[in-house]
Amino acid sequence: MKVIRQVAVVGATGMLGKHVTNRLVQQGYSVTAVVRNMLKGQQLLNSKVHLQKGDLSDPGSLLTAFRDVDYLYLNLSTGPYEKDADFRTEIEGLKNAIKAAKQAQIKRIAYLSSLVKDYEGNGWWVFDYKREAVRILREADIPVTIFYPSNFYENLAELQIRGNRVLLAGEQTTKSCWIGTEDYARMVGEAFRQQHDEDREYAVQGPEAMNMDEAIDLFIQNYSSKNLKKTRVPMQVFKILKPFSKTLDFQYHILDAINHYDEKFVSERTWDEFGKPQQTLADWAKQIK
Ligand SMILES: NC(=O)c1ccc[n+]([C@@H]2O[C@H](COP(=O)([O-])OP(=O)(O)OC[C@H]3O[C@@H](n4cnc5c(N)ncnc54)[C@H](OP(=O)(O)O)[C@@H]3O)[C@@H](O)[C@H]2O)c1
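What you see is a predicted model; the values in this text were computed from it and never measured.

(A) Region of the structure containing the packing of helix 1 (residues 17–26) against helix 7 (residues 181–191). Two elements in contact, helix 1 and helix 7, have axes separated by 9 Å at closest approach and are oriented at 60 degrees. Taken together, the axis directions place helix 1 and helix 7 in an arrangement best described as oblique. As for how helix 1 packs across helix 7, the hand of that crossing is right-handed. Contact residues: helix 1 offers H19, V20, R23 and L24, while helix 7 offers T181, E182, Y184, A185, V188 and G189.

Here's what the structure looks like:
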């Protein structure tokens, strides 16, 4: 008899979270999305995903949601308003999730971190929080798998399009090994099939190294729904406006980090274990509706 494994996802309504959650269902997992907003969950997720109301700031809701769950996938992010906040999603929220997971006897937690969090050129507090999250997970006393992906293709269609323009900020002087959620979600699913209790950490990089200009050009060439135009916003615009807006300050720092982070290819072991990512940026762009 085929064993159906139960996975809970926190962050399933996120830009990346929804793709990974829907793909875990396609892989045969029975998935519970722990969501703050049930309507948003219904709109974004496959109808086979069981929706359970829950919040990382409410430990009781997590305990209820994690009942009878085998594995937990955490797709969290740190927002522009979380600096020095009493509740920080990837610190206090993560600790609450780990505590509830242990109480519910969950077998493994998989966590989405990032490669660029190691960028030290702009001393950004968000990267300090993300490095702290990794320390918390390593000391969690429950098996964890931590993923460190490069840039996702999905940013181009879901974050960077405005009307018929694809926006980029300044110029990326380095290259990123772009990856799609299709290949990444397969790795998340595989992490739950591993038959050991050790912690594992994986860089997640795709088959092509490109800077932002090259990635956008390839996206535009292969995207058929409308004619898109690349539009560059000077970093100076963010620099001038960031003292007046926490959101623009946040965007300035992440864009500055992506533009300068000297990403090396460090995914040999990931490719050995999970196979080389198959989807290219052009493949991904061609199939977008
Ligand atoms: N984009 C990239 O290229 C890239 C590359 C590498 C790594 N990453 C990492 O990917 C992560 C971002 O993923 P994403 O784009 O999917 O994030 P996102 O769109 O910001 O989604 C965050 C999710 O967390 C949920 N959430 C927030 N606070 C919560 C709480 N208190 N209780 C329960 N759920 C809560 C949100 O729910 P609501 O819908 O209710 O707000 C949402 O589902 C970041 O950590 C980033 O470092 C991104």
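Text resumes after the structure shown.
(B) Summary view of the site of the ligand. In the neighbourhood of the ligand, 25 residues make up the surrounding shell, with T13, K40, L76, S77 and N155 lying closest. Residue T13 places a side-chain N or O atom 2.6 Å away from an oxygen atom belonging to the ligand. Contact with the protein chains hides 81% of the accessible area of the ligand, taken as 950 Å² for the molecule alone. Looking at side-chain class alone, the shell around the ligand contains nine nonpolar, twelve polar and four charged residues.

(C) Spatial organisation of the pairing of strand 6 (residues 144–149). For strand 6, the tally of buried residues reaches six of six residues, placing the bulk of the element in the interior. The side-chain alternation of strand 6 yields two buried faces, one formed by V144, I146 and Y148 and the other by T145, F147 and P149. Pairing between strand 5 (residues 108–112) and strand 6: four bridges, direction parallel. Within strand 6, the position partnered with A110 by the bridge is T145. Of the strand pairs in this sheet, strand 6 and strand 10 (residues 200–204) are connected by five bridges, and their pairing is parallel. From the neighbouring strand, T145 faces strand 10, where its bridge partner is R200.

Definitions and cut-offs
- Residues numbered from 1 in each chain as written.
- Predicted model: local features only at pLDDT ≥ 70, side-chain atom pairs only at ≥ 80, totals over all residues.
- Heavy atoms only, no water.
- Axes fitted to C-alpha atoms, helices over the stretch in contact; angles between N-to-C directions.
- Helix = DSSP H or I, 4+ residues; strand = E, 2+ residues; numbered from the N terminus.
- Parallel < 35°, antiparallel > 145°, perpendicular 65-115°, else oblique.
- Left-handed = near helix turned anticlockwise from the far one by under 90°.
- Contact = heavy atoms within 4.5 Å.
- Near = heavy atom within 4 Å.
- Polar contact = N/O pair within 3.5 Å; in protein donor to acceptor, adjacent residues only side chain to side chain.
- Areas by Shrake-Rupley, 256 points an atom, 1.4 Å probe, with all protein chains shown as cover.
- Nonpolar A, V, L, I, M, F, W, Y, C, P; charged D, E, K, R; others polar.
- Buried < 20%, exposed > 50% of the residue type's maximum accessible area, 1.4 Å probe, protein only.
- Pairing = 2+ DSSP bridges.

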